[in-house]
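Understanding the architecture of this molecule
Below are the chains, spelled out letter by letter.
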Amino acid sequence: MILGLFGNDDELVFEIELIGADGLELPVDVILDTGFSGWLAIDEQDLFYL
């Protein structure tokens, strides 16, 4: 089961872990987008650490 919450604009927010090639696990909050296009938008700082 995925646990989440509703944000300020009633968007669904939940946490996932991104795992880098070196095994680094980075927990990030994400917003459910029902129009998912197959692309992942990520903060530059999170990308840097992965």
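Residues numbered from 1 in each chain as written. Predicted model: local features only at pLDDT ≥ 70, side-chain atom pairs only at ≥ 80, totals over all residues. Heavy atoms only, no water.

Comments concerning the overall build of the protein
Threshold: Secondary structure follows DSSP: runs of H or I at least 4 residues long count as helices, runs of E at least 2 residues long count as strands, and numbering of each begins at the N terminus. Restricting the calculation to C-alpha atoms gives the radius of gyration, and the globule rule supplies 2.2 Å times the number of residues raised to the power 0.38. The contact rule is simple, with two residues in contact once any of their heavy atoms fall within 4.5 Å.
From N to C terminus, the protein includes 1 helix and 3 strands. Helices and strands in the protein line up, N terminus first, as β-β-β-α. Taking 2.2 N^0.38 as the reference for a compact globule, 50 residues should give roughly 10 Å; the C-alpha atoms of the protein span a radius of gyration of 12 Å, well beyond that estimate. By principal-axis analysis of the C-alpha atoms, the protein measures approximately 35 × 25 × 20 Å. Restricting the contact set of the protein to residue pairs at least 6 apart, pairs at least 24 apart contribute 15%.

Here's the deal with the sheet that holds strand β3 (residues 25-31)
In any sheet, the strands associate via hydrogen bonds between backbone groups, in a parallel or an antiparallel arrangement. The condition that has to hold: Between any two strands, pairing holds if DSSP finds at least two bridges. Simply put, an axis is a line fit to the C-alpha atoms, just over the touching stretch for a helix, and the angle between two N-to-C directions goes from 0 to 180 degrees.
With antiparallel pairing, the 3 strands of this open sheet are ordered in space as β1-β2-β3. The open sheet has two free edges, formed respectively by β1 (4-6) and β3, since each of these has just one partner strand. Mean inter-strand twist for the sheet, computed between neighbouring axes without regard to direction, equals 35 degrees.

So, a negative patch on the surface
Which entries qualify depends on this criterion: Note that patches include only residues with greater than 30% relative accessible area and no salt bridge, and the join distances are 9 Å for like charges and 5 Å for nonpolar side chains (Val, Leu, Ile, Met, Phe, Trp, Tyr). Residue exposure ignores everything except the shown protein chains as possible cover, and the areas themselves are Shrake-Rupley values with a 1.4 Å probe. Note on definitions: salt bridges are taken to be side-chain nitrogens of Lys or Arg within 4 Å of carboxyl oxygens of Asp or Glu. Residues counted as positive are Lys and Arg, residues counted as negative are Asp and Glu, and His and the chain ends are not counted. Note that the charge is assigned to NZ on lysines, CZ on arginines, CG on aspartates and CD on glutamates.
On the surface, a cluster of negative charge is made up of Glu15, Glu17, Glu25 and Asp29. Those elements that provide at least two residues to the negative patch are β2 (12-19) and β3.

Here we look at the confidence of the model for the protein
Formally: By definition, pLDDT measures how confident the predictor is in each residue, and it falls between 0 and 100.
When the pLDDT values of the protein are averaged, the result is 84; 100% of them are 70 or greater. Here helix α1 (residues 44-49) is the element of the protein with the lowest mean pLDDT, 83, and β2 is the one with the highest, 90.

With respect to unusual backbone geometry
Despite not being glycine, aspartate 10 shows a phi value in the positive range, around 65 degrees. Position of aspartate 10 among the secondary structure elements: in the loop between β1 and β2.

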